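# Breakdown of the fold
If you want the building blocks of each chain, they are given just below.
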Amino acid sequence: MLLHIVARGKIGRSPEAELVERYLKRIAWPTKVTELPPERDVKLPEAPANSVSVVLDERGKPLASIEFAKRVEAWRDAGKRECRFLIGAADGHADEQRASADLLLSFGPSTWPHLLVRAMLAEQLFRATSILANHPYHREG
């Protein structure tokens, strides 16, 4: 299953970009990052058939790392071809985008800069795939 981060705004050459790249390189699954202009009126690329959509939104559900890994595992085992993670710009996501998501995911009630959200998501994707591979990266307390 392709893990596809679709983010509004450009990350450019920055420490956050290096961190995102470092985590994505460590993931054994295929990954892709698509950057879009920050304006909401720019349409998302068409999602392939049999894909799942995760919208990162402060009103979403916070998931523990193991619970997140189980969701990713269930989608993979159900034969989903792509899991899209949508990161909005400063003004967030349109109502219809949130309503059509398979999962609204939150990294807590705080507001995070989109550059940090990319890095946090990349780390959680690495952690989830490590959990699923029984790798000791994740340590339960």
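So, here's what we can say about the structure. Note that the structure is predicted; figures quoted are calculated from it, not measured.

Taken N-terminus to C-terminus, the directions of helix α1 (residues 15-26) and helix α4 (residues 114-132) make an angle of 15°; their axes are 8 Å apart at the nearest point. Of the possible angle classes, the one that applies to α1 and α4 is roughly parallel. Crossing angle aside, the handedness with which α1 passes α4 is left-handed. Of the residues in α4, those in contact with Glu16, Leu19, Val20, Tyr23, Leu24 and Arg26 of α1 are Leu115, Leu116, Arg118, Ala119, Ala122, Glu123 and Phe126. Here the residues of the contact of α1 with α4 are counted per class, giving 9 nonpolar, no polar and 4 charged.

With a phi close to 60°, Asn50 is a non-glycine residue in the positive phi region. Assignment of secondary structure puts Asn50 in the loop between β2 (31-36) and β3 (51-62).

If you walk across this open sheet you meet the 5 strands as β2-β1-β4-β3-β5, and the pairing is parallel. The strands lining the two open edges of the sheet, one partner per strand, are β2 and β5 (103-106). In this sheet, adjacent strand axes meet at a mean angle of 30° when their direction is disregarded. Where β3 lies against strand β4 (residues 82-87), 6 bridges are found, and the strand directions are parallel. Bridge pairing in β4 links Val52 to Cys83. Its contacts with the sheet put helix α2 (residues 65-77) on β3, β4 and β5, and the angle it makes with β3 is roughly 160°. Packed on one face of the sheet, α4 meets β1 (2-8), β2, β3 and β4 and runs near 170° to β1.

Once that is clear, we can look at the nonpolar core. Counting 32 residues, the largest nonpolar core has Leu3, Val54, Leu56, Phe68, Cys83, Phe85 and Leu125 as its most contacted members. If you list the elements that add at least two residues to this core, you get β1, α1, β3, α2, β4, β5 and α4. Counting residues per element, this core draws most heavily on α4, which supplies 8 residues. Grouped together as the second largest cluster of nonpolar side chains are 5 residues, Val6, Leu36, Leu86 and Ala101 included.

Rules used in this analysis
Residues numbered from 1 in each chain as written. Predicted model: local features only at pLDDT ≥ 70, side-chain atom pairs only at ≥ 80, totals over all residues. Heavy atoms only, no water. Axes fitted to C-alpha atoms, helices over the stretch in contact; angles between N-to-C directions. Helix = DSSP H or I, 4+ residues; strand = E, 2+ residues; numbered from the N terminus. Parallel < 35°, antiparallel > 145°, perpendicular 65-115°, else oblique. Left-handed = near helix turned anticlockwise from the far one by under 90°. Contact = heavy atoms within 4.5 Å. Nonpolar A, V, L, I, M, F, W, Y, C, P; charged D, E, K, R; others polar. Pairing = 2+ DSSP bridges. Core = buried A, V, L, I, M, F, W, Y, C linked by side-chain atoms within 4.5 Å. Buried < 20%, exposed > 50% of the residue type's maximum accessible area, 1.4 Å probe, protein only.

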